[in-house]
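Take a look at the letters that make up each chain.
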Amino acid sequence: MQATPLAVGCATVAVVLGVIGLYLDSLAAVVGMMGLAGLLFGRGIVFLFRTARVADNLQVERVVENRPVYLGTSVEVKIRATTSTVRGLQVRLTDLPPQSAVYDPGEAALSNGLGKYQVRFMTPGEAPFRGLQLETADGFFTVTILHAGPRDIGERVFVLPVEKGMSKPGLGAGAGATELARAGSPQGEGIRGFRPFRQGDNPARVDWKLSAKHGRPFVRELNSETGNAPLVVVDLPAPETCGAAAILSAASAEIKRQIREYGQCTLLVIAGGEVIAFYQHERNLVGLLRLLGLQPPESLHPMFRVKDPVVLMEKLRSAERELFLPSQRLAIALRTVLGAGVRPVFEREADQVLVATEQREVVVYTASSADTSHLNLIAAAARRRRRRLVIRLPRSEQGSMAWLSPYPRVEAI
Amino acid sequence: MERRSVVFLSALVVVAVGALLVPEKEPGVDVLVVLLGAGVAATALTGYGGQFLLLCLGETFAVALGTASLPLGVLFQPVIAGMLCGDDWMSLTVGGAATLMAAAVVLVFPRTLFLLLVLLLVSAGMTIGLTGFEAWMRHRLSAGSAA
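Here the structure is a predicted model, which is why all the values come from computation and not from measurement. Along each chain, residue indices are assigned from 1 in the same order as the chain's sequence is written. Here chains are named by letter from A upward and ligands by number from 1 upward, in the order in which they appear as written. Where totals are concerned, whole chains, interfaces and linings use all residues; where local detail is concerned, this predicted model gives features only for residues with pLDDT of at least 70, and gives and counts side-chain atom pairs only at 80 or more. Hydrogens and waters are ignored; side-chain quantities use all the structure's heavy atoms.

### Digging into the overall build of chain B
Counting its secondary structure elements, chain B contains 6 helices and 0 strands. Numbering of helices and strands starts at the N terminus; helices are DSSP runs of H or I of at least 4 residues and strands are runs of E of at least 2. In sequence order, the secondary structure elements of chain B are arranged as α-α-α-α-α-α. In this scheme, a residue with accessible area under 20% of its type's maximum is buried, one over 50% is exposed, and one in between is partly exposed, where area comes from a 1.4 Å probe on protein chains only. Out of the 147 residues belonging to chain B, those deemed buried represent 43%. Residue burial considers only the protein chains on display, and all accessible areas are found by Shrake-Rupley using a 1.4 Å probe. Accessible surface, chain B: about 7,800 Å² in total, of which carbon and sulfur atoms supply 74%.

### Describing the overall build of chain A
For chain A, the helix and strand inventory stands at 10 helices and 19 strands. Taken over 413 residues, chain A has a buried fraction of 48%. A separation of at least 24 residues holds for 67% of the contacts in chain A among residues at least 6 apart in sequence. Total accessible area computed for chain A in this model is approximately 20,600 Å², and 56% of it derives from carbon and sulfur atoms. Two residues qualify as a contact provided that any one of their heavy atoms is within 4.5 Å of a heavy atom in the partner residue.

### Observations concerning the pattern of salt bridges
Residue and element names in this part refer to chain A. Salt bridges, as used here, are contacts in which a Lys or Arg side-chain nitrogen is within 4 Å of a carboxyl oxygen on Asp or Glu. Considering all chains together, one arrives at 10 salt bridges over all chains under this definition. For E254, the salt bridge identified is with R257, shortest N-O distance 2.9 Å. Residue E254 and its partner R257 are located together in helix 5 (residues 244-262), separated by 3 residues, close to a single helical turn. Among the residues examined, E254 registers a relative accessible area of 9% and is labelled buried. You can call R257 partly exposed: its relative accessible area is 24%. When salt bridges that share partners are traced, they join D351, R384 and R385 into one network.

### Observations regarding the sheet that holds strand 9 (residues 131-137) of chain A
Residue and element names in this part refer to chain A. Only strands that DSSP links by at least two bridges are regarded as paired with each other. What the 4 strands build is an open sheet, ordered 1-10-9-5; its pairing is antiparallel. If you trace the sheet from one side to the other, it starts and ends with strand 1 (2-3) and strand 5 (90-96), each paired once. Together, strand 5, strand 9 and strand 10 (141-147) form the strand contacts of helix 2 (residues 27-56), whose direction differs from that of strand 10 by roughly 25°. To define axes, lines are fitted to C-alpha atoms, for helices over the stretch in contact only, and angles between the resulting N-to-C directions are given on a 0 to 180 degree scale.

### Looking at the packing of aromatic side chains
Only Phe, Tyr and Trp rings take part, Trp by its six-membered ring, and two of them pair if their centres are within 6.5 Å. Stacked means planes under 30 degrees apart, edge-to-face means over 60, and tilted covers everything else. What the rule picks out here adds up to 7 aromatic pairs over all chains. Between Y103(A) and Y117(A), the ring centres sit 6.3 Å apart and the planes meet at 50°, which makes this aromatic pair tilted. One end of the pair, Y103(A), is in strand 6 (residues 102-103); the other, Y117(A), is in strand 7 (residues 114-120), with 14 residues separating them in the sequence. Taking relative accessible area as the criterion, Y117(A) reaches 2% and is therefore assigned buried. An angle of 55° between the planes, with centres 5.4 Å apart, marks the rings of F109(B) and F114(B) as tilted. Pairwise contacts between aromatic rings join F49(A), F133(B) and W136(B) into one cluster.

### Brief notes about the nonpolar core
In this description, a nonpolar core means a group of buried Ala, Val, Leu, Ile, Met, Phe, Trp, Tyr and Cys residues linked to one another through side-chain atoms lying within 4.5 Å. By size, the foremost hydrophobic cluster in this structure holds 78 residues, and its most contacted members are F140(A), F8(B), F61(B) and F76(B). The greatest single-element share of this core, amounting to 17 residues, is contributed by helix 2 of chain A. Each of two domains, domain 1 (2-55) and domain 2 (57-160) of chain A, supplies a minimum of three residues to this core. Apart from residues no more than four positions distant in its own chain, F140(A) is found in contact with Q2(A), A3(A), T4(A), L6(A), A7(A), C10(A), L39(A), L40(A), R43(A) and L84(B). Residues V102(A), V233(A), L375(A) and A381(A) belong to the second largest nonpolar core, which totals 23 residues. An automatic or database domain assignment supplies the residue ranges for each domain.

### Quick look at the pairing of strand 16 (residues 274-282) of chain A
Residues and elements named next belong to chain A. Bridging between strand 15 (residues 265-271) and strand 16 involves 6 bridges; their strand directions are antiparallel. Note that in strand 16 the partner of A271 across the bridge is E274. Where strand 15 folds back onto strand 16 in an antiparallel hairpin, the turn is made up of 2 residues, including G272, whose phi is positive at roughly 65°.

### Examining the interface of chain A and chain B
At the interface, 50 residues of chain A touch 49 residues of chain B. Buried area, as used here, totals the accessible surface that two parts lose on assembly, with accessibility defined by a 1.4 Å probe and the loss added over both. Carbon and sulfur atoms make up 77% of the area that chain A and chain B hide from each other, which totals about 4,000 Å². Counting the surface chain A buries against chain B, the share from its top three residues, V31(A), M34(A) and F41(A), is 16%. Here D56(A) and R140(B) are joined by a salt bridge, their closest N and O atoms 2.9 Å apart.

### Considerations on the state of the cysteines
Two cysteine sulfur atoms form a disulfide, by the criterion used here, when they sit within 2.5 Å. Enumeration over the complete set of coordinates arrives at 0 disulfides over all chains. Between C10(A), a cysteine without a disulfide, and C85(B), which holds the nearest cysteine sulfur, the sulfur-to-sulfur distance is 8.6 Å.

### Things to note about the packing of helix 1 (residues 3-21) of chain B against helix 4 (residues 70-84) of chain B
Helix packing geometry: the angle between the two helix axes and the distance between the axes. All names here are of chain B. Taken N-terminus to C-terminus, the directions of helix 1 and helix 4 make an angle of 165°; their axes are 10 Å apart at the nearest point. The angle between helix 1 and helix 4 falls in the class roughly antiparallel. The hand of the helix 1/helix 4 crossing is left-handed. Contacts from R4, F8, A11, L12, V15, G18 and A19 in helix 1 reach L72, F76, V79, G82 and M83 in helix 4. Along the lines of polarity and charge, the residues of the contact of helix 1 with helix 4 split into 9 nonpolar, 2 polar and 1 charged. Orientation labels follow simple angle bins: below 35 degrees gives roughly parallel, above 145 gives roughly antiparallel, 65 to 115 gives roughly perpendicular, and whatever is left gives oblique. Left-handed describes a crossing whose near helix is turned anticlockwise from the far helix through less than a right angle; right-handed describes the clockwise counterpart. Residues were grouped as follows: Ala, Val, Leu, Ile, Met, Phe, Trp, Tyr, Cys and Pro as nonpolar; Asp, Glu, Lys and Arg as charged; and all remaining residues, including Gly, as polar.

Structure below.
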């Protein structure tokens, strides 16, 4: 419960009257102080009981259209909420889609108990709605409460993995946009550079002067709409990890910078090989920084020291050159691993995040030194999606990165 | 003119006249009551300064009334509460009653230090009670047992 400026003013006047009453031994001033204190407590009690009444009578009916729901596709959510009307109490309701979903918070606010908004589910599997955010206010107090009963969460949505060929042409990364089956590259104003034409490139981007000069097609690489702000990946460190504070501090500074300069930030929070949260074009700085305070889950799935395929290929070539039996056996094992083509779940998730984002650079903040498997998988996904990768880690951990993929640029904090 | 303003101004005039009629007052209290009463009335009528100025001037006027006669100062407290509260009867009734009862305690125990200590203890108790109720409500709603 928070006090409005009027309530704060009443309390201030009461305190001033109390001091005057005590100093001058004036009962007239004490009368005013007691009256105002009684007014504040009376209004506080009335406010909380009214809020409880509104919350108890809240009925929610939510419908998710376009079933079945596929990963990355836009679905419409219709919501209807009814509650008792209390005169003098302002009530504001906002629907809370699943944590991983992309939506416009402004659209999710209900008007006269009705709401309709677009939402995109960014992670496959079961996605429960978080309930409703109930805000009540009167002249003296305000309160915001999460209303997350079973009836408010409603029917659970199951998000299916994306199917090939179901994407339709479209642009943008908002809640109502259509997912493209390729790396996003929104049209910006400036040109960052040129590169040779690749299959799938937009022909409108071909720079004909440069193509004629070199005898082969070249395309313009445009600045993204977000001004080339990198995708921030934070690997949540265990609290006792050396350099954890430095990593979190550096990640916080980067998020603040992006919010300040671009008004938004795309953040992926992981803990080892687990994806904790993914926020795209998020504007809520406090919400993003709060994610960095989460404790990493205790039961992490071990990935048994996954190596980057590039490293394995190099080892395979080296082993094949050797004539000794152990080296030959190692070569057979490496060929089997490389030929299996099985991608871990985490790599697939990282890949999906990179497909959904348009950032050309990925910056990973990590203090992980024991196992770099997840970093290698991110590097593999970044290389596949042609993103620049930078890994920032504490200065003390630089020596322990011997098994790290050679692809990313490693920077010490 | 709104009905609420008419009631407020009528109450103001009644208590001001009552204060002027009280015998054996300190010198200058009559002038204070008249000047502050005019100021409060002007603020309420014009709306200048908003509720904050009305609150401050109203309480100063109540102190002047209380200096003339303590029961008059107590009686004016619900009038101030009525101007600060909204239009709904529940807020007006509870706010006015709570204000009147709290102020009337002074008439029963007319000792400044004692009253301040009592208010301190009551404030602590009420704050703990309200915070506890709010926390219980949050827990109940987030746990889903509200239904």
